[in-house]
Amino acid sequence: MKPKIAFFDFAGCEGDQLQIANLEEEILDLLGQVEVVSFREVMKEHSDDYDIAFVEGSCTRQKDEERLKQIRENAKIVVAIGSCATIGGINSLKNYQDMEAVKRTVYGKNADLFETYPARPIDAVIPVDAYVHGCPIDKKEFLHVVKSLLLGKKPEIPNYPVCSQKEVLIKYGLSVDDAIGKFKLYFGWEKKK
Amino acid sequence: MNEDKKMHILSKEAFSEFINNLIADNTLNVVGVKSKGEKFAFGPLESANQLRLDYDVTLLPPKKYFFPQRETLVTYEVACGFKTKDFQNNKSTVIVGVHPYDIMALLHMDEVFRETKSDPYYSQRRKSSIIIGTNIQNISDSCFAPSMGCATIDYGFDLMLTDIGNKYAIDVGSHKGAELLNKYAKGVTKAFAKDIQEVGKKKMEILNGAKQKFNFSSELIPELLGKFYEKDSFWESHSEECLSCGSCVLVCPTCYCFDVKDNPDLSLKKGERTRTWDACLLEDFAKVASGENFRNTKATRYRHRYFKKGKYLFDRFGFVSCVGCGRCSSNCLPDIANPVNLFNDMYAESIKAGFQIDSAIIPEVSIDTVEEIKFAPRMATIIKKEPMTENEIKFELKLDDGSDLNHQPGQFVQVSVFGVGEAPFGISSSPSRKGTFDLCIRKLGNVTSKIHTLNEGDRVGIRGPYGKGFDSEFLKGKDLLFIAGGLGIVPLRSLFNYVLANRDEYGRVILLYGCKEPRELLFGDEILHLKDEDRVEFKATVDWCPENEIWDSNIGVITTLIPQVDFDPQKTYAVVCGPPIMYKFVIKDLKSRNVPDDHIIVSLERRMKCGVGKCGHCQINQLYVCKDGPVFNYSDIKGVPEAL
């Protein structure tokens, strides 16, 4: 039986799922290996019976926490995809501003109808088994992670500075792990050890 | 002198035509130095106009044409097994514009890739290539090739160009070069004395033109390094700003370390195994599956780079494997990779400290190729799967071609699992057993976790046996003291069982075996009853025993067993294998019992990736565990600081 996979999105632009939808021919090969039971960007159907959950977006309100916990309960494996889900992403920019002001900027006079709190990556709420970093994610890296999981292998994501592509990291002397750690620290959802 | 080895002259126009003729020949793949932004790089040539022989240095060295950044070693199909890649591209590659230091670097790489086991991919590409070198016209700011004696070169090329105004002087270095000139160039004339003089002058200009210079002779490097290994503060202060990014070694023309990974396609039924450049400066380079990192600080990794180039390769091959191209220093962001600065600092400190530094004596080297590396594993089938503890399973395997493994006790094999990868395992059965062999595998990383899910009848790939095992012949007639800690019993079992199978030929046999707690005891059924046997003296210990388990023997670490046995240190050989932490303590105790150094034999674990002494992952100082080990005599490694 093919493993069932589902996609979920929280606060984010859904650009990572778009990357996956853009796999084009490879998506057909992928469908040979898995059954997609939920993928809002490409299909209407939805099912809560899935093995692997791919979660995009960050957690920015109480309601998100409940939904994340439900996903964790349903899925055997949870994969965070994209910067918002893996490190909080660009949504975290609001974290040091007044939340009421943030709401008013975004929703204007309807601000009272919405709730929000500082953005966090999903592993601040639930345990995550694998990560596909990036904004947006790299299609090839996504496939690498999926293939690894299907083979029962922990996906290997390199921990060294991505020299040629990410000059910034090197410039500030950071490995990928350092950068992620610093980012989390900066936006206040990881306590300084 | 051979007639075609004389110097020739070609006008610049005729030279362009020569290059264009090469490009026009579809049987040749012509590459050369072109501009890339403000820098230069080797790339395919479409016309002679693209050639920039006035370049200072290229971003990457031409080694990428022989040892590409990424290449497929084997392909696999779950149904059929592994297959070596076909060499479809039989085109000769002509590389135009190689500087002398890069030619020297290729000569170094040749030795590395042909030593003992030759790399078929590298050597085939090397054989089918033609090198057209060029003397340096503009020396880069970070180049120190003159200090390394690599600014000019008299061999290693097919043709060597020197720009002398409106024409090129061409040295012919090989038959291949002469033929090339004959076939594709028109208007070649003999060089006159003044041309030859002009070439000499150009070379002198290069030799005196470098901004970066050693304040001492580069022949002192190996000896100088030897004096500085233990100066931790020296290495720490020089590597303080290191980002562990690996740029210095990834651009190096003499670096050859690589990583091997499996890339399944989306069917998951087939895929390829690729090797990619790797860097010993990266944090995880020497990390093994159990989490142990044998070079876990920036300073030790930084030091390893200098020692590998300046000492280890010198001891093995007789050359300091740095050619002075300066790429490392120009690519280092914190600007700490310049060997000139480091060695000048080192030299200054050694003068201050009053060290006597002599030129290193070039070791006598004989590099032979014994065989070609076979990257494609043979297939083997799991005959029996027998759980031993919670985390360890014993697998009995049989090679599908029906042959025996023919291993020495103590050797290891590389086991491949389709799509997941390859990992090394000590063989735990005696070679006296025919037909099948045993591996005892602890679940730790990806490969081992996957192997644990396999069942009887499933197939895996096997490469090997590899490495140097125990010398069971030499040990005949000696008393043997086996000391095994935890998983260390696995490789020892191959010798232990061999000895038991040939019991009359050995003296006393003592086995001391310790593990953390009773339920972690391996081969319990097999060895616990040894207590009651005359032919073996056996003692076991556990570090501790939880209340719900039963243990009626010694409690304490393995060293608590050593005082409990009497042995004659002159007649006894101790055979030791266990977790890295164990060796120091066991050896100390053996020494206190007057066991001579050469009576202690150890089996070591490192991250063996290629298994054939090339990829660099298992290196402990100058030794490759996969090739020089995993079994070592203590007298050979007691001076090797990274070993124990």
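Just above sits the structure.
Residues numbered from 1 in each chain as written. Chains lettered and ligands numbered in written order. Predicted model: local features only at pLDDT ≥ 70, side-chain atom pairs only at ≥ 80, totals over all residues. Heavy atoms only, no water.

Colleague: Sorry, what's going on with the overall build of chain B here?
Modeller: Counting its secondary structure elements, chain B contains 18 helices and 29 strands. By residue count, 59% of the 644 residues in chain B fall in the buried class. The contacts of chain B with a sequence gap of at least 6 include a subset with a gap of at least 24, amounting to 74%. Total accessible area on chain B stands at roughly 26700 Å², and carbon and sulfur atoms take up 48% of it. Of note, chain B has its 83 positive side-chain charges centred 4 Å away from the centre of its 87 negative side-chain charges. (Helix = DSSP H or I, 4+ residues; strand = E, 2+ residues; numbered from the N terminus. Buried < 20%, exposed > 50% of the residue type's maximum accessible area, 1.4 Å probe, protein only. Contact = heavy atoms within 4.5 Å. Areas by Shrake-Rupley, 256 points an atom, 1.4 Å probe, with all protein chains shown as cover. Lys, Arg positive; Asp, Glu negative; His and termini not counted. Charge placed at Lys NZ, Arg CZ, Asp CG, Glu CD.)

Colleague: What exactly am I supposed to notice about the interface of chain B and chain A here?
Modeller: A common way to state how big an interface is: give the accessible area lost once the parts meet. Tallying the contact residues gives 20 residues for chain B and 19 residues for chain A. Buried surface at the junction of chain B and chain A, both sides included, amounts to about 1700 Å², of which 62% is carbon and sulfur. For the chain B face of the interface with chain A, the top three residues by lost area are B:Leu266, B:Leu268 and B:Asn446, together amounting to 39%. Viewed at the interface, chain A and chain B are joined by zero salt bridges. At the junction of chain B with chain A, the criterion picks out seven residue pairs in polar contact (both at pLDDT 80 or more). Those elements that place two or more of their residues in the side of chain B that touches chain A are strand 12 (258–264) and helix 13 (446–453) of chain B. Per element, the largest residue contribution to the side of chain B that touches chain A is three residues, and it comes from strand 12 of chain B. Of the residues belonging to the side of chain B that touches chain A, the class tally is nine nonpolar, five polar and six charged. (Buried area = accessible area lost by both parts, 1.4 Å probe. Salt bridge = Lys/Arg side-chain N within 4 Å of Asp/Glu carboxyl O. Polar contact = N/O pair within 3.5 Å; in protein donor to acceptor, adjacent residues only side chain to side chain. Nonpolar A, V, L, I, M, F, W, Y, C, P; charged D, E, K, R; others polar.)

Colleague: Looking at this model, I keep getting lost on the environment of B:Pro424. Mind explaining?
Modeller: Residue and element names in this part refer to chain B. Secondary-structure assignment places Pro-424 in strand 18 (residues 421–426). Relative accessible area serves as the criterion here: at 24%, Pro-424 is assigned to the partly exposed category. For the pair Pro-424 and Arg-114, spaced 310 residues apart in sequence, the C-alpha separation works out to 23 Å. Each residue touching Pro-424, except ones within four places of it in the same chain, is listed here: Phe-412, Val-413, Gln-414 and Met-608.

Colleague: In this structure, what is going on with helix 12 (residues 339–352) of chain B? I would like to understand it.
Modeller: All names here are of chain B. Here helix 12 contains 14 residues, and its C-alpha end-to-end distance of 20 Å stays within 8% of the 20 Å for a straight helix at 1.5 Å per residue. Taken together, the buried positions of helix 12 are Pro-339, Val-340, Leu-342, Phe-343, Asn-344, Met-346 and Ser-350. Against the buried residues of helix 12 lie helix 7 (221–228), helix 8 (232–239), helix 10 (298–317) and helix 11 (327–330). Capping of helix 12 at its N-terminal end is provided by Asn-338; its side-chain oxygen lies 2.9 Å from the backbone amide nitrogen of Val-340. Taken from the residues just after helix 12, Gly-354 is the one with a positive phi, measuring 75°. (Expected span 1.5 Å × (residues − 1).)

Colleague: So what exactly am I meant to see when it comes to helix 3 (residues 62–74) of chain A here?
Modeller: Residue and element names in this part refer to chain A. Helix length check: helix 3, at 13 residues, gives a terminal C-alpha distance of 19 Å against a target of 18 Å (1.5 Å per residue), a fit within 8%. All buried positions along helix 3 are accounted for by Asp-64, Glu-65, Leu-68, Ile-71 and Arg-72. Buried residues along helix 3 cover an arc of 125° about the axis, so they all sit on one side. Along helix 3, the residues that are exposed and aim more than 90 degrees away from the buried face are Glu-66 and Glu-73. (Arc of directions from axis to C-beta.)

Colleague: What am I meant to see in the packing of helix 8 of chain B against helix 12 of chain B here?
Modeller: Between two packed helices, the angle of one axis relative to the other and the distance separating the axes together describe the packing. Residues and elements named next belong to chain B. One way to put it is that helix 8 packs onto helix 12 with a least axis distance of 12 Å and a crossing angle of 150°. Looking at the two axes, helix 8 sits roughly antiparallel to helix 12. As for the relative orientation of helix 8 and helix 12, their crossing is right-handed in sense. Of the residues in helix 12, those in contact with Phe-234, Trp-235 and His-238 of helix 8 are Leu-342, Asp-345, Met-346 and Glu-349. Its residues assigned to classes, the contact of helix 8 with helix 12 comprises four nonpolar, one polar and two charged. (Axes fitted to C-alpha atoms, helices over the stretch in contact; angles between N-to-C directions. Parallel < 35°, antiparallel > 145°, perpendicular 65-115°, else oblique. Left-handed = near helix turned anticlockwise from the far one by under 90°.)

Colleague: What's the story with a nonpolar patch on the surface in this structure? I'm lost.
Modeller: A surface patch of nonpolar side chains, amounting to about 400 Å² of accessible area, comprises A:Val106, A:Tyr107, A:Leu113 and A:Phe114. The partly exposed category is assigned to A:Phe114, whose relative accessible area is 33%. (Patch = residues over 30% accessible without salt bridge, like charges linked within 9 Å, V, L, I, M, F, W, Y side chains within 5 Å.)

Colleague: Looking at this structure, how should I read the environment of B:Lys36?
Modeller: All names here are of chain B. Looking at where Lys-36 falls in the secondary structure, it is placed in strand 2 (residues 28–36). Residues Lys-36 and Thr-58 lie 22 residues apart in sequence; the distance between their C-alpha atoms is 9.2 Å. Excluding residues within four positions of it along the chain, Lys-36 makes contact with Ala-41 and Leu-59.

Colleague: What's the story with the side chain of A:Glu65 in this structure? I'm lost.
Modeller: All names here are of chain A. Here Glu-65 lies in helix 3. Looking at Glu-65, the relative accessible area reads 13%, which means it is buried. With residues up to four places along the chain from it excluded, the contact list for Glu-65 reads Cys-59, Tyr-117, Arg-120 and Val-125.

Colleague: How should I be thinking about the pattern of salt bridges in this particular structure?
Modeller: When the charged atoms of two side chains with opposite charge come close together, those side chains can pair. Applying the stated rule across the entire model yields 52 salt bridges over all chains. For A:Glu65, the salt bridge is made with A:Arg120, and the minimal N-O distance between the two is 2.8 Å. Here A:Glu65 is found in helix 3, whereas its partner A:Arg120 is found in the loop between helix 5 (99–107) and strand 5 (130–132), with 55 residues between them in sequence. The partner of B:Lys167 in a salt bridge is B:Asp195, with the nearest N and O atoms 3.3 Å apart. Of this pair, B:Lys167 sits in strand 10 (residues 167–172) while B:Asp195 is found in helix 6 (residues 193–207), placing the two residues 28 residues apart along the sequence. For B:Asp195, a relative accessible area of 4% corresponds to the buried category. One connected set of salt bridges, linked through shared partners, spans B:Glu71, B:Asp119, B:Arg125 and B:Arg275.

Colleague: Just checking my understanding: could you explain the nonpolar core for this structure?
Modeller: In a soluble, globular protein the nonpolar side chains are often hidden away together inside. Judged by nonpolar contacts, the single largest core of 162 residues is most densely connected at B:Trp235, B:Phe343, B:Phe482, B:Ile483, B:Val576 and B:Leu590. In terms of residue count, helix 2 (residues 100–114) of chain B provides more of this core than any other element does, nine residues in total. Once residues within four sequence positions are removed from consideration, B:Phe482 is found in contact with B:Leu492, B:Leu495, B:Phe496, B:Val499, B:Val509, B:Ile510, B:Leu511, B:Leu512 and B:Val575. Formed by 47 residues, the second largest nonpolar core is a distinct cluster that contains A:Val132, A:Ile137, B:Leu266 and B:Leu405. (Core = buried A, V, L, I, M, F, W, Y, C linked by side-chain atoms within 4.5 Å.)

Colleague: Please explain the environment of B:Leu528 as it appears in this structure.
Modeller: Residue and element names in this part refer to chain B. You can see Leu-528 is positioned in the loop between helix 15 (524–527) and strand 23 (537–542). For the pair Leu-528 and Gly-43, spaced 485 residues apart in sequence, the C-alpha separation works out to 65 Å. What Leu-528 contacts, discounting residues up to four positions off in sequence, is Leu-521 and Phe-538.

Colleague: Explain the pairing of strand 19 (residues 437–442) of chain B to me, please; I cannot follow it from the model alone.
Modeller: For a regular strand, side-chain orientation follows a simple rule: the groups alternate between the two sheet faces. Residue and element names in this part refer to chain B. Burial runs high along strand 19: five of the six residues are buried. One ladder, built from six bridges, connects strand 16 (residues 392–399) with strand 19; its direction is antiparallel. The residue of strand 19 that forms the bridge with Glu-396 is Asp-438. (Pairing = 2+ DSSP bridges.)

Colleague: What's the story with the sheet that holds strand 22 (residues 509–515) of chain B in this structure? I'm lost.
Modeller: The strands making up a sheet associate through backbone hydrogen bonding, with each pair oriented either parallel or antiparallel. Residue and element names in this part refer to chain B. Here we have seven strands laid out as an open sheet, ordered 24-23-22-21-25-26-29, and mixed in their pairing. Edge positions in the sheet fall to strand 24 (554–555) and strand 29 (631–633), since each has one partner strand and no second. Note: strand 25 (residues 572–577) against strand 26 (residues 600–603), three bridges, orientation parallel. Looking at strand 26, one finds that Ala-574 is bridged to Ile-600. Contacts between helix 14 (residues 489–501) and the sheet are confined to strand 21 (479–485), strand 22, strand 25 and strand 26, with strand 21 contributing the most and set at about 155° to the helix.

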